[in-house]
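Working through the structure, step by step
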Amino acid sequence: MSQLDLLVKGIGRLVTPIGQQARRGRDMSEVCEITNAAIAVHEGYIVAIGKEAELQQELEGRSIHRTLDAAGNMVTPGLIDPHTHLVHGGSREHELALKRSGVPYLDILAQGGGILSTVRSTREASEEQLYHQAKRSLDEMLLQGLTTIEAKSGYGLELEAELKQLRVVQRLQESHPIDLVSTFMGAHAVPIEYAGRTDEFVNHIIEKMLPVIAAERLAEFCDVFCEHGVFSVEQSRRILEAGKRYGLKPKIHADEIVALGGAELAGEIHAISAEHLLAATDQGLSAMSASGVVPVVLPGTSFNLGLTKHARARDMIDKFALPVALSTDYNPGSCPTESIQLIMMLASLNLKMSPEEILTACTLNAAAAIGRESSIGSIEIGKQADLTVWNATNLSYLPYHFGINHTFGVVKRGQTVVWNRQRVSREGDVE
Ligand code: NIG
Ligand code: FE
């Protein structure tokens, strides 16, 4: 190969976790740092990495199609968000006063609000409206430095409306620079028409929804809100086992508010990830550790719900050697933010994670939570060239200087998609 597509040079500090597997426990803080670095990219993949001076020598005689200069700034792997409720209709600012007056999240849901209010707006919205609303959020995420995200259904709760959400995810995957992975979450709440008949709704999901979703190849994962008053452990087990039979890998919203045993179930059924986990017990966390489940912690959600309790990330890392991942949980209710950088700050403040642990949790471990750890999540030869260029020179600066966007540029599969904080449509053109 004599030609190279891209050389990213002028990297003051390249920081990345290393490996093709999630990093567990204390290994989360081991990141590789190279100062004065450069990265060579060809056909969307990383082909060489090293000190810039050495790499320039190594590449002498090769023609380089394009060069990007990071101007002494830090470069990390493109960030990954493994848990979002991206596609939904409407918003829920009308519930703000209720929330602030102290009405609990599950009470708002039990009164037909919360998730059920978004179900009404999502059912009413056209596919086109959902597409444009989700695209706006995705554009924000890209400007934040995210290059891959997971997106769940779960605001349709009837076949057609669930399919509508999942088709939007598929269309965005085809048209947007961010890569999306899709999760079917028909078991996000019990719809009004099944009120008091949760078991029948579970049967409906298993018999009528899952076969169609699987046949249309619209999802890779299946998720359930396993929570007091929503889906029990037994109901969640039935849905996730059925999903597995259709080839959908299990994920689970577990032990968010009440310690129901969702973490134990995640371990038992070998879920790829378990999310929230504020109330997870030691037994639950150790069951997850034994079967390699990735805990996805969502500090924006506990923050926005005004809770004083947070996920026990330190215990997960120090006591249970778990590979913690972080996510926005972007949704219109419990966490209406696309800002992964706010989440990084909250992980530092409330979960006491170090800047290195936070980077691993937002890159390689987040990739593992969506089964992509062999192709993305680190800057290594052979991985996809997904990079975030920061307007900062070191990792600690990110959670330290909070409330603003530190992303300077984003490279996705070797293409510059954000530069100088703005979208780039074709090479060199600012959108
Ligand atoms: O992960 N907990 C359940 N589902 C979402 C919230 C969805 C909503 O409130 O609309 C979550 O927090
Ligand atoms: Fe969620």
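Our subject in this report is the structure included herewith. (Residues numbered from 1 in each chain as written. Chains lettered and ligands numbered in written order. Predicted model: local features only at pLDDT ≥ 70, side-chain atom pairs only at ≥ 80, totals over all residues. Heavy atoms only, no water.)

1. Examining the overall build of the chain
Across its full length, the chain carries 16 helices and 17 strands. Since a compact globule built from 431 residues should have a radius of gyration of about 22 Å, the 21 Å found for the chain is in line with a globular shape. Summarising its shape, the C-alpha atoms of the chain cover approximately 70 × 45 × 45 Å along the three principal directions. By residue count, 59% of the 431 residues in the chain fall in the buried class. For the chain, long-range pairs separated by at least 24 residues make up 72% of all intrachain contacts whose partners lie at least 6 apart in sequence. A total accessible area of about 16,200 Å² is found for the chain, and carbon and sulfur atoms account for 49% of it. (Helix = DSSP H or I, 4+ residues; strand = E, 2+ residues; numbered from the N terminus. Rg over C-alpha atoms; globule rule 2.2 N^0.38 Å. Buried < 20%, exposed > 50% of the residue type's maximum accessible area, 1.4 Å probe, protein only. Contact = heavy atoms within 4.5 Å. Areas by Shrake-Rupley, 256 points an atom, 1.4 Å probe, with all protein chains shown as cover.)

2. Concerning the coordination of the iron ion (ligand 2)
Those protein atoms acting as donors to the iron ion (ligand 2) are His83 (NE2), His85 (NE2), His253 (NE2) and Asp329 (OD), and they sit at 2.0 to 2.4 Å. His253 sits in the buried class, given a relative accessible area of 3%. (Donors = N, O, S within 2.8 Å, 3.2 Å for Na, K, Ca; no water.)

3. As for the packing of helix 7 (residues 198–215) against helix 8 (residues 233–245)
Where helix 7 meets helix 8, the axes come as close as 10 Å, and the angle between the chain directions of the two elements is 5°. By the angle between their axes, helix 7 is roughly parallel relative to helix 8. Contact residues: Thr198, Asp199, Val202, Asn203, Ile205, Ile206 and Leu210 in helix 7; Gln235, Arg238, Ile239, Ala242 and Gly243 in helix 8. When its residues are assigned to classes, the contact of helix 7 with helix 8 shows 6 nonpolar, 4 polar and 2 charged. (Axes fitted to C-alpha atoms, helices over the stretch in contact; angles between N-to-C directions. Parallel < 35°, antiparallel > 145°, perpendicular 65-115°, else oblique. Nonpolar A, V, L, I, M, F, W, Y, C, P; charged D, E, K, R; others polar.)

4. Describing the environment of His406
When you line up the elements, His406 lands in the loop between helix 16 (397–400) and strand 15 (407–412). In this structure the C-alpha to C-alpha distance between His406 and Tyr194, which are 212 residues apart in sequence, comes to 46 Å. Leaving out residues up to four positions away in the same chain, His406 has contacts with Gln341, Val389, Trp390, Asn391, Tyr397, Leu398 and His401. Within the structure, the side chain of His406 is placed 2.6 Å from the backbone oxygen of His401, a separation counted as a polar contact. (Polar contact = N/O pair within 3.5 Å; in protein donor to acceptor, adjacent residues only side chain to side chain.)

5. Examining the pattern of salt bridges
Considering all chains together, one arrives at 27 salt bridges under this definition. When the shortest N-O distance is used, the salt bridge between Arg13 and Glu33 registers 2.7 Å. Taken together, the residues Arg13 in strand 1 (residues 3–16) and Glu33 in strand 2 (residues 32–42) connect sequence positions 20 residues apart. Since its relative accessible area comes to 26%, Arg13 is described here as partly exposed. Glu33 gets classed as partly exposed once you look at its relative accessible area, which sits at 41%. Of the charged contacts, one joins Arg314 and Glu357 as a salt bridge, the two residues approaching to 2.8 Å between their closest N and O atoms. With Arg314 in helix 12 (residues 313–318) and Glu357 in helix 14 (residues 355–362), the pair connects residues that are 43 residues apart, well separated along the chain. Its relative accessible area of 25% is what places Arg314 among the partly exposed residues. Glu357 gets classed as buried once you look at its relative accessible area, which sits at 5%. Connected via shared salt-bridge partners are Arg26, Arg314, Asp318 and Glu357. (Salt bridge = Lys/Arg side-chain N within 4 Å of Asp/Glu carboxyl O.)

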